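# Structural overview
So you can see what is in the structure, the chains are spelled out below.
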Amino acid sequence: MRIERARGTRDFLPGEMRKRRIMEARMREIAERWGYEEISTPTFELAELFTLKSGEAILKDMYAFEDKGGRHLALRPELTAPVTRMYVNELKMASKPTKVYYFGNCFRYEEPQKARYREFWQFGVELIGSDRPEAQAEVIALAYYILESLGIEAELHVGHVGLIREKLRAAKMEEEQINKVMRLVDKGEREEVIAFMNEIRVKREVIDDLLRLIDLKGKGKDALKSAHDQTIIAPESDALKELEMLLEMLNYYGVVYTLNLGIARGLDYYTGMVFEIYEAGGTLGAQNQICGGGSYRLAALFGGDEVPSTGFAFGFDRLAELFRLETRDLKRKEVVVVPVRERDTNDREVVKEALKIASKLREIVTTQIDLMNRSLSAQLSYANAIHASFAVLVGKNELKEEKVTLRYLDTGEQEKLGVEDCVERIKACFNVK
Ligand code: HAM
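Residues numbered from 1 in each chain as written. Predicted model: local features only at pLDDT ≥ 70, side-chain atom pairs only at ≥ 80, totals over all residues. Heavy atoms only, no water.

Attention shifts here to the overall build of the protein. When helices and strands are counted, the protein shows 16 helices and 17 strands. A principal-axis box enclosing the C-alpha atoms of the protein has dimensions of 95 × 55 × 45 Å. Within the protein, the proportion of its 433 residues that are buried is 49%. Partitioning the intrachain contacts of the protein with sequence separation of at least 6 by distance along the chain shows that 67% fall at a separation of at least 24. A total accessible area of about 22200 Å² is found for the protein, and carbon and sulfur atoms account for 49% of it. Placing the 66 positive and 72 negative side-chain charges of the protein at their respective mean positions leaves the two points 4 Å apart. (Helix = DSSP H or I, 4+ residues; strand = E, 2+ residues; numbered from the N terminus. Buried < 20%, exposed > 50% of the residue type's maximum accessible area, 1.4 Å probe, protein only. Contact = heavy atoms within 4.5 Å. Areas by Shrake-Rupley, 256 points an atom, 1.4 Å probe, with all protein chains shown as cover. Lys, Arg positive; Asp, Glu negative; His and termini not counted. Charge placed at Lys NZ, Arg CZ, Asp CG, Glu CD.)

Around the ligand, 26 residues are found, and the nearest of them are Glu78, Thr80, Glu110, Tyr270 and Gln289. One of the side-chain nitrogen or oxygen atoms of Arg108 is found 2.9 Å away from an oxygen atom of the ligand. Within the side chain of Arg265, a nitrogen or oxygen atom sits 2.9 Å from an oxygen atom of the ligand. The fraction of the free accessible surface of the ligand (660 Å²) that becomes covered by protein chains is 96%. Taken together, the elements giving at least two residues each to the shell around the ligand come down to β6 (119-128), β11 (289-296) and β12 (309-315). (Near = heavy atom within 4 Å. Polar contact = N/O pair within 3.5 Å; in protein donor to acceptor, adjacent residues only side chain to side chain.)

Moving on, we come to the sheet that holds β6. Pairing within the open sheet is mixed, and its nine strands lie in the order β1-β5-β6-β12-β11-β10-β7-β9-β8. Looking along the sheet, the strands with just one partner apiece sit at the ends: β1 (37-38) and β8 (217-219). Pairing between β1 and strand β5 (residues 98-107): two bridges, direction parallel. Note on β5: the bridge partner recorded for Glu38 is Tyr101. Running at roughly 15 degrees to β12, helix α4 (residues 133-150) makes contact with β5, β6, β7 (154-160), β10 (270-279), β11 and β12 of the sheet. Against the sheet, helix α10 (residues 238-253) touches β7, β9 (258-260) and β10, its axis set at about 155 degrees to β7. (Pairing = 2+ DSSP bridges. Axes fitted to C-alpha atoms, helices over the stretch in contact; angles between N-to-C directions.)

All right, on to the nonpolar core then. Counting 104 residues, the largest nonpolar core has Val158, Met197, Phe275, Phe312 and Phe314 as the members making the most contacts within it. Residue contributions to this core peak at 10 residues, all from α4. Phe314 has contacts with Met27, Trp121, Gln122, Phe123, Ala143, Ile146, Leu147, Ile290, Cys291 and Leu319, leaving out every residue within four places of it along the chain. Grouped together as the second largest cluster of nonpolar side chains are 19 residues, Val337, Ala354, Val392 and Val419 included. (Core = buried A, V, L, I, M, F, W, Y, C linked by side-chain atoms within 4.5 Å.)

Our next topic: helix α8 (residues 204-214). All of the buried residues in α8 are Val206, Ile207, Asp209, Leu210, Leu211, Leu213 and Ile214. On the buried face of α8, the contacting elements are α5 (161-170), α6 (175-186), α7 (190-199) and β9.

Further remarks concern the state of the cysteines. Counted under the stated rule, the structure contains zero disulfides. There is no disulfide at Cys291, and the cysteine sulfur nearest it, in Cys106, is 13 Å away. On the basis of relative accessibility, which here comes to 1%, the residue Cys291 falls in the buried class. This cysteine, Cys429, is not joined by any disulfide, and Cys422 carries the nearest cysteine sulfur, 9.9 Å off. For Cys429, a relative accessible area of 45% gives the class partly exposed. (Disulfide = S-S within 2.5 Å.)

On to the pairing of β7, then. Burial within β7 is extensive, with five of its seven residues counted as buried. As defined by bridge partners, β7 adjoins β10 across seven bridges and the pair is classed as antiparallel. Bridge pairing in β10 places Ala154 opposite Glu279. As paired elements, β7 and β9 share two bridges and run parallel to each other. Across the sheet, Val158 pairs through a bridge with Leu259, a residue of β9.

Before going further, it helps to examine α7. Within the sequence span of α7, burial applies to Val193, Ile194, Phe196 and Met197. Take α7 and look down its axis: the buried residues cluster within an arc of 165 degrees, on one side only. Away from the buried face of α7 by more than 90 degrees, exposed residues Glu191 and Glu199 are located. Packing partners of the buried residues in α7 comprise α5, α6 and α8. Phi for Arg201, located one or two positions after α7, is positive at around 60 degrees. (Arc of directions from axis to C-beta.)

Our next topic: empty space enclosed by the protein. In this approach, a probe sized like a water molecule rolls over the atoms, and the result shows the empty space that is left. Tallied over the entire structure, the rule returns one cavity of 30 Å³ or more. One number sums up the size of the largest cavity: a volume of about 30 Å³. The wall of the largest cavity is formed by Thr84, Tyr87, Ile128, Tyr296, Ala299 and Ser309. Counted by class, the lining of the largest cavity contains four nonpolar, two polar and no charged residues. (1 Å grid on protein atoms, 1.4 Å probe; cavity = no way out; pocket = protein on both sides within 12 Å on 5 of 7 lines; lining within 4 Å. Points joined across faces, edges and corners; volume = space filled by probe spheres on them. Nonpolar A, V, L, I, M, F, W, Y, C, P; charged D, E, K, R; others polar.)

Let us now look at the environment of Ala143. Relative to the helices and strands, Ala143 resides in helix α4. Residues Ala143 and Ile277, spaced 134 residues apart in sequence, show a C-alpha to C-alpha distance of 8.9 Å.

Written as structure tokens, this is what we have:
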């Protein structure tokens, strides 16, 4: 019986895994150079960690279940809430800002489609202890720089949910109602926004202002100016001042952005700046959002003090679909040690010496050795098939002369030399210290 994978999950074959590891290594290196330290949290949590802010409705989008002890658990749909929980429980005393990054799998019970999976990976950072424009700018600039380093062309949109929330609060809407509006705005469901606000009897001017606000879009600070001119945003608004300073700082970083006040984000915890990054090329189709983030306050909800924080998460799988390996990454630094045996024998001395050489080479480079008692030509075909760079032949003649034959698989040239010299030659070719 053939058993299929669970819906919305994927297998990663060696080539894909190699690519993912190369990407991951680059992203980690950059996050660490910017002063973020890695953390890891459990794959499943108490379900309330995710429902506390968003309500029970979120359960339909999650893998939630009861364990044998009757605990209500959920596979994590994202990592901001778990990281905040960990911070409140374990890291409260750490000096501020606490800057952490993570790479982990997440689970969402969504309809699978291109670039949308039920199990997917996020690479993200959380800067805990500040949501000042300086912190917001650093977080956005880091995401921007990571994409640049991966050679992925993307478009950054920056918004501010504080501006929208301020407006709706002033109209005396309740938090729950505001959250609902934000979710509808996030999905682009304009008609539903109007219908809902009419239903709860919000004044026509407020609805109109909201629609004009979420339509504000433009390069640089121009869009903000137009909001001033149209008097949609009160000049004394704190959110506005914060946003202006953030945009200025993004200019200092050389980050190119579009101001887009229509960004509402699907998660309920954002309080201020929000941003999304979309791929520029059209490869991903409808699911083209590769990064999302913003400022939020969650710690108080989990029993800590009110701590302003800012973070983002990349959809790692979407990045992997856009990332192209360079030729130098494709070439495999690999050696195949070839024991040359007499036909149909298992020549012990030859095998013993070949294994010794393989062990030595494995200290510096990936090394394979025949495991199927194959002939010389079959072993060389294998070495070529896996795109190894060298074959090291060990036969009776080599043993007698205390040498090996080093074969350059690209050219087919070969030379006999002592084992130490052979190792040095390979080291030099692979640039290994
Ligand atoms: P999010 O926008 O829900 O934000 O997810 C971040 C990224 O994960 C998305 O931009 C997208 O690329 C990717 N993603 C989401 N769902 C899927 C899926 N089903 N399949 C593949 N990729 C997916 C968050 O999760 C926030 N925790 C980000 C954050 C961190 N905000 C502050 N700190």
